[in-house]
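Below are the chains, spelled out letter by letter.
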Amino acid sequence: MNAEKLILEGNRVADSIKGKLMDRITKLSKKGIVPCLATILVGENPSSKTYVRMKGNACRRLGMKSIRIDLPADITTDELLSQIHKLNHDPAVHGILLQHPVPHHIDERTAFDAISIEKDVDGVTTLGYALNAFGAAKFPSCTPAAIMAILEYYELQVEGKHAVVIGRSPILGKPVSAMLLNKNATVTTCHSRTINLEDIVRLGDIVVAAVGKPNFVRGDWIKPGAVVLDAGYNEGNIGDVDFNECLQDAYAITPVPAGVGPVTIATLLKHTVDAAERSLNS
Ligand code: NAP
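Residues numbered from 1 in each chain as written. Predicted model: local features only at pLDDT ≥ 70, side-chain atom pairs only at ≥ 80, totals over all residues. Heavy atoms only, no water.

Considerations on the UniProt feature "domain: Tetrahydrofolate dehydrogenase/cyclohydrolase NAD(P)-binding" (unreviewed entry) in the protein chain
Worth spelling out the cut-off: UniProt positions are given in the numbering used here, feature names are shortened, and annotations may be inferred rather than shown by experiment. Where helices and strands are cited, they refer to DSSP runs of H or I of at least four residues and of E of at least two residues respectively, numbered from the N terminus.
Taken from the UniProt record, the annotation "domain: Tetrahydrofolate dehydrogenase/cyclohydrolase NAD(P)-binding" (unreviewed entry) applies to residues 141-279. Helix makes up 37% of residues 141-279 and strand 14%, whereas the separation of the span's terminal C-alpha atoms amounts to 20 Å.

Here we look at the site of the ligand
Quick reminder of the rule: Near, as used in this document, describes a residue that has one of its heavy atoms within 4 Å of the molecule or strand being considered. Polar contact criterion, stated in full: a pair of N or O atoms within 3.5 Å, where within protein one must be able to donate a hydrogen and the other to accept it, and residues adjacent in sequence count only if both atoms are side-chain atoms. What sets the accessible areas is the Shrake-Rupley method with a 1.4 Å probe; for residues, cover comes only from the shown protein chains.
Taken together, 23 residues surround the ligand, and among them Arg 168, Ser 169, Ser 192, Ala 231 and Tyr 233 come closest. Here Arg 168 contributes a side-chain N or O atom positioned 2.7 Å from an oxygen atom of the ligand. Tyr 233 places a polar main-chain atom, nitrogen or oxygen, 3.0 Å from an oxygen atom of the ligand. Protein burial of the ligand: of its 930 Å² of free accessible surface, 72% is covered by the chains. When residues in the shell around the ligand are grouped by element, the largest group, 3 residues, is from helix α10 (residues 260-280).

Considering the domain arrangement of the protein chain
For clarity, the cut-off: These domain boundaries are the output of an automatic or database domain assignment.
For the protein chain, the assigned domains read domain 1 (32-118) and domain 2 (142-260). Computed over C-alpha atoms only, the centres of domain 1 and domain 2 are separated by 28 Å.

A look at the nonpolar core
A general feature of soluble globular proteins is that nonpolar side chains tend to end up buried together. Stated precisely, the cut-off is as follows: Take the buried Ala, Val, Leu, Ile, Met, Phe, Trp, Tyr and Cys residues and link them wherever side-chain atoms come within 4.5 Å; each set so joined is a nonpolar core. Exposure categories follow from relative accessible area, calculated using a 1.4 Å probe and restricted to protein chains: below 20% of the type maximum is buried, above 50% is exposed, and the middle band is partly exposed. Residue contacts are counted whenever heavy atoms from the two residues lie within 4.5 Å of one another.
In terms of nonpolar packing, the biggest core is built from 31 residues, with Leu 180 and Leu 229 touching the most fellow members. Of all the secondary-structure elements, those providing two or more residues to this core are α1 (10-30), α6 (142-153), β5 (162-166), α7 (173-182), β7 (206-209), β8 (227-230) and α10. In terms of residues, this core owes the most to one element, α6, which gives 7 residues. When near neighbours in sequence (up to four residues on either side) are disregarded, Leu 229 contacts Leu 8, Ile 147, Ile 150, Leu 151, Ile 206, Val 207, Val 208, Ala 209 and Thr 254.

Side note on the packing of α6 against α7
Quick note on the threshold: Axis definition: a line fit to C-alpha positions, over the contact stretch in the case of helices; interaxial angles, taken between N-to-C directions, run 0 to 180 degrees. Crossing handedness: left-handed means the near helix sits turned counterclockwise from the far one by under a right angle, and right-handed means the same turn made clockwise. Put simply, Ala, Val, Leu, Ile, Met, Phe, Trp, Tyr, Cys and Pro go in the nonpolar bin, Asp, Glu, Lys and Arg in the charged bin, and everything else, Gly too, in the polar bin.
Here α6 crosses α7 at 35°, and the two axes come no closer than 8 Å. The handedness of the crossing between α6 and α7 comes out as right-handed. Across from Pro 144, Ala 145, Ile 147, Met 148 and Leu 151 in α6, the residues of α7 making contact are Pro 175, Val 176, Met 179 and Leu 180. Here the contact of α6 with α7 is built from residues that sort into 9 nonpolar, no polar and no charged.

Some remarks on unusual backbone geometry
Residue Pro 101 is reached from His 100 by a cis peptide bond, and omega for that bond is 0°. With respect to the secondary-structure elements, Pro 101 resides in the loop between β4 (95-98) and α4 (108-113). Following Val 256, the chain continues to Pro 257 via a peptide bond in cis, the omega torsion being 0°. As for its placement among the helices and strands, Pro 257 is situated in the loop between β9 (252-253) and α10. Phi is positive for Glu 155, close to 50°, though the residue is something other than glycine. Relative to the helices and strands, Glu 155 resides in the loop between α6 and β5.

Here it is as structure tokens:
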């Protein structure tokens, strides 16, 4: 039954992205530049700590630099802004990543928007988001870009397909909807107020799950032959898609872990190298 299934292996896509960076990093280092990603973590959220550590390790493995700024959970928005401004003005820093979510008392939108557009390697600023909607972003959000990279790597057709995105967050559901639309898919974006969600998902030639609920998408929601991309990453390494159930009818599907996650990190590294190269010309 599963013989013809295509498992979309994130590590293969990530290796392909990272493989193309090595040469570029070497060329930059000959010019005295080491691409550097600064990550800011506010508070002690254990998942966020893991993500930030993984991103730092990935940088170092590729010969890039990473600066980690850990801030206490009770920091004010102004104090956070001042840290971001310092990084904006540091010529040795090429990319800035403020780990989401920040504690509730902090104005996350203002903090995201304080990141210089030149260093907004995760596409979180309002301007970066708008440029992405126009198909003109230098750095689209990394997870949406990773989803598009998987589709491209496996040569899965997007044009003319009906893509159903479950989730409308500004870092994931909305930008990936825009990117699919810009690639000529017909896109339906679903959210918590969507009525008849399951019936809408059943129309999807491409289904993107970005909900944040473990095993949320069930096997009998999947149209036979659909491509299923699971951006979810819930406690215990569980995706938003019930993999075993959805595998039955899907043509292609990403696993969790080792699906969208590694490609997201590789995309972040790529954006940081892009930003370092651009800094040479500015
Ligand atoms: P989020 O900000 O919490 O957004 C979740 C979205 O799902 C919201 O738009 C929400 O709708 C919608 N939703 C919630 N319950 C729903 C329901 N019952 N039916 C339909 N829609 C529902 O989450 P996020 O930041 O986008 O992240 C989504 C998932 O992706 C999480 O598992 C997260 O860990 C994962 N993630 C993975 C990566 C990666 O690298 N793989 C990166 C980022 C995030 P409303 O807007 O109506 O509330």
